[in-house]
Amino acid sequence: MSAGAQLSVTDQRRMARHPVDHPVIAEHFGKGDMRMHIANISANGFMIDDADAINRGERVVVRLPVIGRIEAYCIWCRDNRAGFQFERIIRVDDFLSLIDTLQPNPRLRKLR
C-alpha cells in the first residue's frame, strides 16, 4: 500500500485558476477547525496563502458556496502557500456558479 492521499482524480494542476478572496473555516482531521484564506480556485482544487500550519499530505474539509462540503488533500507547500486537490471533480455548471458567487466582478473572471 502506498503512502499519501488516495485521490480519485489525477493531479491536474494545469487547470485554469480563478483569483478569489475567500476566507473559510476548514475542518482538519487532526487539528480541528482552522481558518484559511483561498487565494485562487480551479475545478480540481484551490490555493491558500496562509499555510503556516499545513503540511503536504494532510486533508481538510471545506464548505464552499454552491458546492457545499468537499474534502481536499494538500498536494504541495511552499513558503506560506499550499495547494489542495479536491477528492472529487466539481461539475462544470456548479463550478461556474461557484466562480460567479466568489468573484462577482466580471473583469476579474477568466474568459470562458
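Residues numbered from 1 in each chain as written. Predicted model: local features only at pLDDT ≥ 70, side-chain atom pairs only at ≥ 80, totals over all residues. Heavy atoms only, no water.

- Looking at an unreviewed UniProt entry, one finds the chain named PilZ domain-containing protein, with Qipengyuania polymorpha as its source organism.

**Observations concerning the state of the cysteines**
In step 1: This structure, assessed with the given rule, holds zero disulfides.
In step 2: Looking at the unpaired Cys74, the closest cysteine sulfur is the one in Cys77, lying at 3.4 Å.
In step 3: A relative accessible area of 3% means that Cys74 is categorised as buried. (Disulfide = S-S within 2.5 Å. Buried < 20%, exposed > 50% of the residue type's maximum accessible area, 1.4 Å probe, protein only.)

**Looking at unusual backbone geometry**
In step 1: One non-glycine residue, Val66, adopts positive backbone phi at about 70 degrees.
In step 2: On the secondary structure map, Val66 appears in the loop between β4 (59-64) and β5 (68-78).
In step 3: One non-glycine residue, Asp79, adopts positive backbone phi at about 55 degrees.
In step 4: Here Asp79 is to be found in the loop between β5 and β6 (81-86).
In step 5: Among the residues examined, Asp79 registers a relative accessible area of 73% and is labelled exposed. (Helix = DSSP H or I, 4+ residues; strand = E, 2+ residues; numbered from the N terminus.)

**Observations regarding the pattern of salt bridges**
In step 1: With the rule as written, the count across this model stands at six salt bridges.
In step 2: Glu58 is paired through a salt bridge with Lys31; the nearest N and O atoms lie 3.6 Å apart. Pair noted here: Glu58 is in the loop between β3 (45-48) and β4 and Lys31 is in the loop between β1 (18-28) and β2 (32-41), with a separation of 27 residues, a long-range link.
In step 3: A relative accessible area of 41% means that Lys31 is categorised as partly exposed.
In step 4: Asp93 is the salt-bridge partner of Arg91, the closest N and O atoms lying 2.8 Å from each other.
In step 5: For Arg91, a relative accessible area of 52% corresponds to the exposed category.
In step 6: Exposure remark for Asp93: the relative accessible area of 42% places this residue in the partly exposed category.
In step 7: Salt bridges sharing common partners tie together Arg91, Asp93 and Asp94. (Salt bridge = Lys/Arg side-chain N within 4 Å of Asp/Glu carboxyl O.)

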